[in-house]
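# Working through the structure, step by step
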Amino acid sequence: MDSSTASVFSLPELRDVFPGCTSYEELYNFSINETDVFWGTLARLRLRWSRNFERVSDCDMETGLFRWFIGGQLNVSVNCVDRHKEKDANKVALIWEKDEPGQEERVTYGELYTMMNQIANVLKSHGVLKGDRVAIYMPACPLAVASMLACARIGAVHSVVFAGFSAEALASRIIDAEAKVVITADQGVRGGKLIELKKTVVTAVTNCPSVTAILVAKRTGNPVVSSQLDVDLDEAMIKESGECEPAILDSEDLLFMLYTSGSTGNPKGVAHTQAGYLLYASLTHELVFDCNEGDIFGCVADIGWITGHSYVVYGPLANGVTTLLFESTPTYPDPGRYWETVQRLKVNQFYTAPTAIRLLIKHGNEHVEKYDLSSLRTLGSVGEPINVEAWDWYNKVVGKEKCVVVDTWWQTETGGICISPRPSAPGSEIRPGMPMRPMYGISPAILSEKGEELHDNDVTGALCLKKPWPGMARTIYGAHGRFLETYYRPFRGLYFTGDGAIRHSDGYYQITGRMDDVINVSGHRLGTAEVENALGQHPSVAESAVVGYPHDIKGEGIYAYVILKDGFVADTKTESELRGIVRQKIAAYALPDVIQICTGLPKTRSGKIMRRILRKVAADQAEDLGDISTLADPSVVEDLIAHHRTLV
Ligand code: 6R9
């Protein structure tokens with residue numbers, strides 16, 4: 001059965017699909033009250049099924065068991081590639097915007113089909129079976145996308161690891177997933193610099209007995225370290241057929257896992273399944289960004305994060321549009337890079353993070369104003385709260401006040417955008433600096449500290465989602481108990497996001513930031529415990545505590561308080577070694593901005609670190625410490641303040 005001809009439709013057409021609903025509000029209410037009719041109808045219309053589903057959903061927010069489109073069978077790669085190739089094999093699927101401007105390469109749906117199938121056959125020839133895990137350690141490039149789809153083709157589960165992670169961080173993710181194969185490139189190229197991808201993989205896999213092959217794509221062709229597990233991916237692909245029968249998968253088979261930081265030291269493999277994830281990514285992609293047939297969609301996130309999964313790869317390809325793969329940085333070769341790219345490629349929707357916007361503001365408007373940005377219709381922001389100044393600049397200087405600006409709130413765990421100004425009736429109000437309105441099917445709730453839902457407007461508290469939606473994560477790979485503890489136990493029967501939010505008097509939502517020990521550095525999630533664990537592995541460190549503090553470009557900076565063991569001295573060498581160990585254990589983005597060597601940490605009598613105090617000192621707000629009488633030794637605080645270091 002194939003109803004995929006109706007796969008792409010715009011907002012007015014949704015009213016034809018749900019004829020009783022004539023306004024956004026009515027459709028939203030319908031999606032909440034008639035959840036199964038809403039999602040079932042869309043799943044039938046938007047996806048190509050091999051076997052129709054029998055039941056739309058079976059979800060339990062108490063026990064954390066979620067199933068969508070039960071009994072249905074499909075293949076995600078067929079939905080993202082085959083059906084568009086059948087319509088027009090010459091349509092451009094990917095534009096690879098390589099590090100050097102003006103060297104873009106285009107890949108049609110027909111070419112992507114062949115690449116994906118060849119890689120799928122290579123994977124099969126290395127014994128990868130349905131359900132096996134494959135780690136992908138590559139920057140944004142066509143082979144990375146084709147590798148993700150190749151996994152989907154044969155029912156393998158991909159785990160894309162951000163290509164900036166260290167060998168140790170990569171190894172821990174490979175080990176946790178027990179990945180059979182790693183796909184990488186010889187080197188990466190970013191901002192004119194080479195990144196030693198292959199070398200990192202070879203170091204990582206020495207500790208990963210599950211890995212039986214490393215597939216290496218050629219990016220630079222420079223000689224790199226080799227290992228006995230190496231397979232030249234380009235050569236292996238040529239030998240394989242460009243046809244690979246798609247595996248028929250159940251809706252709830254795993255599609256991918258993606259590691260993200262939580263409040264404990266070990267990143268967790270958030271797991272998403274086939275049909276629900278794809279439907280949610282594709283619907284939100286179309287409706288939030290108003291992205292339609294013929295558009296060129298430009299999300300500049302790396303594929304190593306969820307934004308890259310949902311809005312570089314799966315959403316746009318499910319919708320059959322052209323998607324940008326951006327290999328470079330916002331400032332290479334100069335701070336006009338994004339806008340030169342938009343002009344040259346005629347990008348219609350542009351999606352980035354507030355940290356990049358703030359960085360570009362500092363470089364001045366002239367880098368934007370010299371380009372013709374008239375192709376742009378929608379400007380998106382994601383990853384962290386967007387401050388009003390950054391929002392205004394994006395709207396005025398980039399969008400010339402003619403674009404719809406969407407601040408989109410969502411998470412690795414939600415699979416796709418959950419709160420954003422669109423969809424809503426065309427022309428309806430958009431306020432700077434907040435994501436405002438829930439997506440269809442999403443019902444936010446604000447909970448008090450006591451765990452009570454605050455029903456009024458003008459309230460602040462913990463942001464929860466009350467109803468299941470198809471794109472929600474199903475588990476943490478290998479740790480369902482942790483999944484339940486983290487998301488479904490803090491407020492029973494609800495999904496707890498970890499974020500705080502305000503519901504304003506008019507009902508609009510604004511996100512205030514994380515409520516747990518996760519900090520948001522340039523839109524990247526980082527557990528403070530991860531940094532503490534890394535610091536703790538330096539021989540000089542007795543104890544450390546890491547907090548975030550306001551940083552005008554990164555959103556949050558990383559402030560590390562470190563107590564040294566007796567006999568070690570606080571000098572610049574120790575400091576640089578401490579930074580080195582964080583780079584070695586995690587990644588460059590996790591490097592502390594400030595390291596304050598101290599003699600004690602503020603602890604309660606039961607030994608719990610009062611992070612609230614550390615945050616205040618780091619933020620230079622020591623005058624406002626609140627009650628410190630429960631501290632075991634209040635004099636510690638004076639020492640911290642006296643030695644507080646402000647960043648230049
Ligand atoms: C998509 C993504 C999720 C965390 C989330 C929140 C923060 C994301 C935001 C936002 C305010 C927005 N966040 N979008 N905060 N406004 N528009 O970023 O996923 O990497 O899992 O991070 O990012 O704190 O909980 P992920």
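Quick caveat: nothing in here was measured; it's all calculated off a predicted structure. (Residues numbered from 1 in each chain as written. Predicted model: local features only at pLDDT ≥ 70, side-chain atom pairs only at ≥ 80, totals over all residues. Heavy atoms only, no water.)

This paragraph deals with the overall build of the chain. Secondary structure summary: the chain contains 20 helices and 31 strands in total. The C-alpha atoms of the chain give a radius of gyration of 24 Å, which matches the 26 Å a tight globule of 648 residues would have. By the burial criterion, 62% of the 648 residues in the chain qualify as buried. For the chain, the proportion of contacts with a sequence separation of at least 24, taken over those separated by at least 6, is 71%. On the chain, roughly 23,800 Å² of surface is accessible, and the fraction owed to carbon and sulfur atoms is 51%. Separation of charge centres in the chain, based on 64 positive and 81 negative side chains, amounts to 2 Å. (Helix = DSSP H or I, 4+ residues; strand = E, 2+ residues; numbered from the N terminus. Rg over C-alpha atoms; globule rule 2.2 N^0.38 Å. Buried < 20%, exposed > 50% of the residue type's maximum accessible area, 1.4 Å probe, protein only. Contact = heavy atoms within 4.5 Å. Areas by Shrake-Rupley, 256 points an atom, 1.4 Å probe, with all protein chains shown as cover. Lys, Arg positive; Asp, Glu negative; His and termini not counted. Charge placed at Lys NZ, Arg CZ, Asp CG, Glu CD.)

A separate point is the sheet that holds strand β14 (residues 249-250). The strand order across the open sheet built from 3 strands is β1-β4-β14, with neighbouring strands paired in antiparallel fashion. The open sheet has two edge strands, β1 (49-51) and β14, and neither has a second partner. Across 2 bridges, β1 lies against strand β4 (residues 73-74) in antiparallel orientation. Across the sheet, residue R51 finds its bridge partner in β4, namely Q73. (Pairing = 2+ DSSP bridges.)

Before going further, it helps to spend a moment on the nonpolar core. One recurring pattern in soluble globular proteins is that nonpolar side chains are buried together. Counting 163 residues, the largest nonpolar core has W39, F69, L123, Y314 and L317 as its most contacted members. Each residue touching L317, except ones within four places of it in the same chain, is listed here: N79, C80, H84, A93, L94, Y109, L112, V145, L149 and T323. (Core = buried A, V, L, I, M, F, W, Y, C linked by side-chain atoms within 4.5 Å.)

Time to look at the UniProt feature "domain: AMP-dependent synthetase/ligase" (unreviewed entry) in the chain. Residues annotated by UniProt as "domain: AMP-dependent synthetase/ligase" (unreviewed entry) correspond here to residues 82-474. For residues 82-474, the end-to-end C-alpha separation is 27 Å, with 32% helix and 22% strand making up the annotated structure. (UniProt positions renumbered as here; feature names shortened; annotations may be inferred.)

What follows is about helix α7 (residues 167-177). An α-helical turn contains 3.6 residues, so any two residues separated by three or four positions project in the same direction. What α7 keeps buried is the set A167, A169, L170, A171, R173, I174 and A177. In this fold, the buried residues of α7 make contact with β7 (133-137), β9 (181-185), α8 (197-205), β15 (254-260) and α18 (572-585).

With that settled, consider the site of the ligand. Within the structure, the ligand sits among 17 residues, and D407, T408, T412, D499 and R525 are positioned closest to it. Between G383 and the ligand, the recorded distance is 3.1 Å, taken from a backbone N or O atom to a nitrogen atom. One nitrogen or oxygen atom from the main chain of E384 is found 3.4 Å from a nitrogen atom belonging to the ligand. Protein contacts shield 96% of the accessible area of the ligand, which totals 530 Å² for the unbound molecule. Residue assignment for the shell around the ligand shows that the elements contributing at least two residues are α11 (306-318), β21 (404-408) and β26 (509-514). For the shell around the ligand, the per-class residue count stands at 6 nonpolar, 6 polar and 5 charged. (Near = heavy atom within 4 Å. Polar contact = N/O pair within 3.5 Å; in protein donor to acceptor, adjacent residues only side chain to side chain. Nonpolar A, V, L, I, M, F, W, Y, C, P; charged D, E, K, R; others polar.)

Before going further, it helps to examine unusual backbone geometry. For residues other than glycine, phi is negative in most cases, and the peptide bonds are mostly trans. Cis rather than trans, the peptide bond between Y332 and P333 has omega equal to -5 degrees. Counting through the fold element by element, P333 comes out in the loop between β18 (322-326) and α12 (337-345). P423 follows R422 through a cis peptide bond whose omega is 10 degrees. Here E178, not a glycine, exhibits a phi torsion of approximately 50 degrees, which is positive. Structurally, E178 is set in the loop between α7 and β9. At S522, a residue that is not glycine, the phi angle is positive and equals roughly 50 degrees.

Another point: the UniProt feature "domain: AMP-binding enzyme C-terminal" (unreviewed entry) in the chain. According to UniProt, the feature "domain: AMP-binding enzyme C-terminal" (unreviewed entry) maps to residues 530-608 in the numbering used here. Taken end to end, residues 530-608 is 25% helix and 32% strand, and its first and last C-alpha atoms sit 18 Å apart.

Quick look at the pattern of salt bridges now. Taken as a whole and judged by the stated rule, the model has 38 salt bridges. The shortest N-O distance in the salt bridge between E105 and K98 comes to 2.7 Å. According to the relative accessible area criterion, K98 is buried, its value standing at 12%. Ionic pairing is found between R615 and D517, a salt bridge with its closest N-O pair at 3.6 Å. Here R615 is found in helix α19 (residues 611-618), whereas its partner D517 is found in the loop between β26 and β27 (518-521), with 98 residues between them in sequence. Relative accessible area serves as the criterion here: at 27%, D517 is assigned to the partly exposed category. Several salt bridges converge on common partners, so that one network encompasses E97, E104, R106, R337, E340 and R344. (Salt bridge = Lys/Arg side-chain N within 4 Å of Asp/Glu carboxyl O.)

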